[in-house]
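Residue strings, one per chain:
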Amino acid sequence: MKSLKKRIITTALAGTMALSLAVPAFASGNTTKVTATYSEIAIDVVVPGTAAVTINPMGMPIKLPVTDADNDTPKEVGSTIAMTPSAIINKSSMDLAVGATVTGTVKGNFKFAPTAWDPTDDAALTTNSAFVFLEMKKAGADVLNDDKTATDATKLSNAWEQWADTATTDMRSASDVADKVAGGDGTNDCIVVLSTKATTSSQGLVKLDAATAGTGGTLEPGNDSVGLFRLGGQVVESPKTPWAKTDGFGATIAFSFKASKPATGGAGG
């Protein structure tokens, strides 16, 4: 009996020693140090540095700086807020959602109006006011020069002429304007209304397609890689104090760009 007890105790001690010797084995250099650093990624877009607007209360024909090839006369637009044809070109490999923050300034007797109005009420309006907004749309047509690096003035003007005026009849109340401001769906349904305060688009103004590989492997923008943009609106036709050359406004448009979908194979959000 004593011999059996000794054997049991000996076996138990051996097991205990075996467990105490079972130390985890670590490989040499078993740790990884990770350093995260912000790296700015350039987005290749072309944005015009300047543009001009004519305040045109009577909606008279305004000559554009290009000639109609059919009759060799200057092209014309009849908008009350007539802006020179302008466009943004997406030359990057990503689809881009375009937003904007707009800040207006006034000079002379000019004032920004918060909404549009019924033209039949125009006679009752006495201030030198205009309802002004920014909008965008895909070009949807070839407006680029032959090497796809910039817009062609004549092609751009052709597309500009075919861009129908946004109906200010849809924006004659604060709620109408709010609906239009919040209505962005990737087309030209979202607007930014100008005032003397910085105003940011609540949605993307437009989504521009990525440029694709062209001759020699270089990226070439397509028709839907170009976004037309303009200021539009409504102007009081005959204010109490007649319109003068000293009346006007300025606008600073700060565009923003965001990849509209994550890169294929990416992780996280």
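Structure: above.
The structure contained in this document is the topic of the report that follows. Everything numeric in this text was worked out from a predicted model, so none of it was measured. (Residues numbered from 1 in each chain as written. Predicted model: local features only at pLDDT ≥ 70, side-chain atom pairs only at ≥ 80, totals over all residues. Heavy atoms only, no water.)

Right, let's talk about unusual backbone geometry for a bit. Even without a glycine there, the phi angle at Lys 148 is positive, about 65°. The topology assignment puts Lys 148 in the loop between strand S9 (129-138) and helix H2 (153-161). (Helix = DSSP H or I, 4+ residues; strand = E, 2+ residues; numbered from the N terminus.)

Turning to its location among the elements, Glu 135 is positioned in strand S9. Side-chain polar atoms of Glu 135 contact the side chain of Arg 230, separated by 2.7 Å. (Polar contact = N/O pair within 3.5 Å; in protein donor to acceptor, adjacent residues only side chain to side chain.)

On to H2. Turning to H2, its buried residues are Leu 156, Ser 157, Ala 159 and Trp 160. On an axial view of H2, the arc spanned by its buried residues comes to 160°, and they lie on one face. The residue sitting at the N-terminus of H2 and contributing the capping side-chain oxygen is Asp 152; that oxygen lies 3.2 Å from the backbone nitrogen of Thr 154. (Buried < 20%, exposed > 50% of the residue type's maximum accessible area, 1.4 Å probe, protein only. Arc of directions from axis to C-beta.)

In this structure the tally under the stated criterion is four salt bridges. Residue Glu 135 is joined to Arg 230 by a salt bridge in which the shortest nitrogen-to-oxygen separation is 2.7 Å. Here the residue Glu 135 occupies a position in strand S9, and Arg 230 occupies one in strand S15 (residues 226-235), the gap between them amounting to 95 residues. Considered together, Glu 135 and Arg 230 belong to a single accessibility category, that of buried residues. The salt bridge partner of Asp 142 is Lys 155, with a shortest N-O separation of 3.1 Å. Of this pair, Asp 142 sits in the loop between S9 and H2 while Lys 155 sits in helix H2, placing them 13 residues apart in sequence. (Salt bridge = Lys/Arg side-chain N within 4 Å of Asp/Glu carboxyl O.)

Coordinates in, geometry out; function isn't part of it.
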